[in-house]
Amino acid sequence: MMSNNQIDSNFFDEPSFPRRTRLQDFWAVFKKNRLAIAGLLMFGVFFVAALIGLFLTSGHKPVFDPALVRLQEKLRPPLSKANCETLRPDEIPVLGLYLLGTDDLGRDVFVRMFQGAWVSLTVGFVAVMISVLVGIIMGGMAGYFGDRHVYLDHMLFLVLALSGLIMTAVGQIPEGVLVFIPCLVYFVFKIILARSYKIKMRRWWVNLLHKKIFSVDTLIMRIVDIMLCFPSFFLILTVVALLPASIYNIMIIIGLTSWMGTTRFVRAEFLSLKDQDFVTAARALGISDLRIIFRHIMPNAIAPVLVSSTIGIATAILTEAGLSFLGFGVPPPHATWGNILSDGKGFLFDAPWLTFIPGIAILIAVLSFNLFGEGLRDTLNPKLRDRV
């Protein structure tokens with residue numbers, strides 16, 4: 001027989017309820033939301049289709065060639081068999097039929113939809129990564145360093161440095177370098193050396209422009225307000241019209257015009273967390289600001305950013321489709337759902353599948369990300385868990 005001490009020790013060693021990780025708790029709540037699960041499944045199908053499209057439609061000799069033109073097979077309806085008598089052996093589709101029909105040049109719509117899935121997914125994810133990165137940096141600075149002041153000479157240095165970089169980027173290299181180098185020299189001697197070696201700048205002409213103008217939080221939030229005043233889609237159209245057509249330019253432009261919401265979310269979370277006891281204790285221990293931001297505050301502030309990012313992917317896909325529909329998106333030979341939709345607008349009554357198929361695909365993809373994002377929001381917010 002076991003003694004009383006052994007019974008008591010076993011009682012305290014073994015928990016009375018099963019231990020679960022945070023991921024298990026998250027899944028236990030998330031799986032109760034059927035719409036979110038449906039969105040996750042649709043996203044999984046979309047992701048698998050995009051990967052299959054990448055491997056089957058890329059390379060010098062792809063299995064499915066989305067750019068293959070068969071003029072004698074143009075505007076064939078879905079599920080129609082290929083006319084093998086008029087086609088060369090390399091022009092015959094792999095399955096011997098056109099699952100989703102052909103367009104006005106005889107290209108297989110099914111193959112082009114596969115390629116368009118990967119392009120849409122890539123644009124959505126990369127654009128959101130850029131916007132989230134900029135939003136976290138700007139929001140973190142506004143929330144954590146917001147009470148610090150911006151000086152006039154620092155502001156002039158920033159404006160001149162950005163002007164020099166822009167001039168260099170557009171091709172005016174000598175003028176850009178001439179503007180940027182003095183700013184770099186000023187930054188090194190005025191900020192780095194003065195702070196590292198405690199050099200006192202007592203000359204009046206040095207401190208003439210060293211005047212406080214506004215706080216960091218005011219500067220960043222006014223930039224956010226200015227960016228929100230511009231209609232983002234027309235701003236993107238303007239920038240795309242000035243830059244050469246490229247899938248990379250589309251990603252960067254969409255990302256750099258959609259960071260404002262993330263900035264506001266991160267700023268609000270930082271303002272509520274930076275005065276908490278665990279942050280005060282970290283400061284008392286002498287931990288650096290960067291470690292406090294990335295190790296202690298950011299993990300607790302990332303939940304609304306994840307929700308915003310998921311919904312932002314849907315917005316980026318819609319924006320890319322709209323740009324491609326108007327002819328400002330990803331250039332040929334890449335097939336996107338937007339330019340497939342644009343090619344079909346002239347054959348709405350003769351070949352309606354050219355409009356309905358990419359339109360339904362865009363609808364399902366955007367709906368899946370929205371449902372998944374709403375499920376994440378309800379799961380990660382304790383106040384909304386009762387609604388799941």
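My aim in this report is to walk through the structure given alongside it, one point at a time. (Residues numbered from 1 in each chain as written. Predicted model: local features only at pLDDT ≥ 70, side-chain atom pairs only at ≥ 80, totals over all residues. Heavy atoms only, no water.)

Take the overall build of the protein chain next. Secondary structure summary: the protein chain contains 16 helices and four strands in total. Relative to its full complement of 388 residues, the protein chain shows a buried share of 37%. Partitioning the intrachain contacts of the protein chain with sequence separation of at least 6 by distance along the chain shows that 69% fall at a separation of at least 24. For the protein chain, the computed accessible surface area is about 23,300 Å², with 68% contributed by carbon and sulfur atoms. (Helix = DSSP H or I, 4+ residues; strand = E, 2+ residues; numbered from the N terminus. Buried < 20%, exposed > 50% of the residue type's maximum accessible area, 1.4 Å probe, protein only. Contact = heavy atoms within 4.5 Å. Areas by Shrake-Rupley, 256 points an atom, 1.4 Å probe, with all protein chains shown as cover.)

The interhelical angle for the contact between helix H14 (residues 303–326) and helix H16 (residues 353–380), taken along N-to-C directions, is 170°, at an axis separation of 8 Å. Comparing the axis directions of H14 and H16 gives the class roughly antiparallel. Residues Ala 303, Leu 306, Val 307, Thr 310, Ile 311, Ile 313, Ala 314, Ile 317, Leu 318 and Ala 321 of H14 pack against Ile 362, Val 366, Phe 369, Asn 370, Phe 372, Gly 373, Glu 374, Leu 376, Arg 377 and Leu 380 of H16. Looking at the contact of H14 with H16 residue by residue, the class counts come to 15 nonpolar, three polar and two charged. (Axes fitted to C-alpha atoms, helices over the stretch in contact; angles between N-to-C directions. Parallel < 35°, antiparallel > 145°, perpendicular 65-115°, else oblique. Nonpolar A, V, L, I, M, F, W, Y, C, P; charged D, E, K, R; others polar.)

Note on placement: Pro 93 falls in the loop between strand E1 (80–81) and strand E2 (97–98). By relative accessible area, Pro 93 is classed as buried at 9%. The spatial distance from the C-alpha of Pro 93 to the C-alpha of Val 111 is 9.7 Å, given a sequence separation of 18 residues. Aside from chain neighbours lying at most four places away, what touches Pro 93 is Arg 70, Ala 82, Tyr 98 and Asp 108.

Quick look at the side chain of Thr 263 now. Take Thr 263: it is sitting in helix H11 (residues 260–273). You can call Thr 263 buried: its relative accessible area is 0%.

Right, let's talk about the nonpolar core for a bit. Grouped together as the largest cluster of nonpolar side chains are 38 residues, with contacts concentrated most on Phe 46, Met 113, Tyr 144, Phe 270, Ile 297, Trp 337 and Phe 369. Not counting residues up to four positions away in its chain, the partners in contact with Phe 46 are Ala 117, Leu 121, Ile 317, Trp 337, Ala 365 and Phe 369. (Core = buried A, V, L, I, M, F, W, Y, C linked by side-chain atoms within 4.5 Å.)

Time to look at unusual backbone geometry. The phi dihedral of Leu 75 is positive, around 55°, even though this residue is not glycine. Turning to its location among the elements, Leu 75 is positioned in the loop between helix H3 (34–57) and E1. In this structure, Leu 79 is a non-glycine residue whose phi angle is positive, near 65°. By the element assignment, Leu 79 lies in the loop between H3 and E1. Taking the relative accessible area as the measure of exposure, Leu 79 reaches 62% and is therefore exposed.

For H14, spanning 24 residues, the distance from its first C-alpha to its last is 35 Å, which sits close to the expected 34 Å at 1.5 Å a residue. Phi turns positive one or two residues past the end of H14, at Gly 327, with a value near 90°. (Expected span 1.5 Å × (residues − 1).)

What follows concerns helix H9 (residues 232–242). For an α-helix, the turn length of 3.6 residues means that residues three or four places apart are oriented alike. Along H9, the positions that sit buried rather than exposed are Ile 236, Leu 237 and Val 240. Along the long axis of H9, the arc covered by the buried residues comes to 100°, so they all point the same way. Opposite the packed face of H9, turned more than 90 degrees from it, sit the exposed residues Phe 234 and Leu 242. Where the residues of H9 are buried, they touch helix H10 (247–256) and H14. (Arc of directions from axis to C-beta.)

Another point: the pattern of salt bridges. Opposite charge on two side chains makes pairing possible when the charged atoms of those side chains draw close. Counting across every chain of the model gives nine salt bridges. Between Arg 107 and Asp 343 there is a salt bridge, with the nearest N and O atoms lying 3.7 Å from each other. Placement of the pair is Arg 107 in the loop between E2 and helix H4 (109–144) and Asp 343 in helix H15 (residues 337–344), with a sequence separation of 236 residues. Of the residues examined, Arg 107 reaches a relative accessible area of 15% and is grouped as buried. In this structure Asp 343 comes out as partly exposed when scored by relative accessible area, which is 28%. Because the salt bridges share partners, they merge into one network encompassing Asp 103, Arg 107, Arg 112 and Asp 343. (Salt bridge = Lys/Arg side-chain N within 4 Å of Asp/Glu carboxyl O.)

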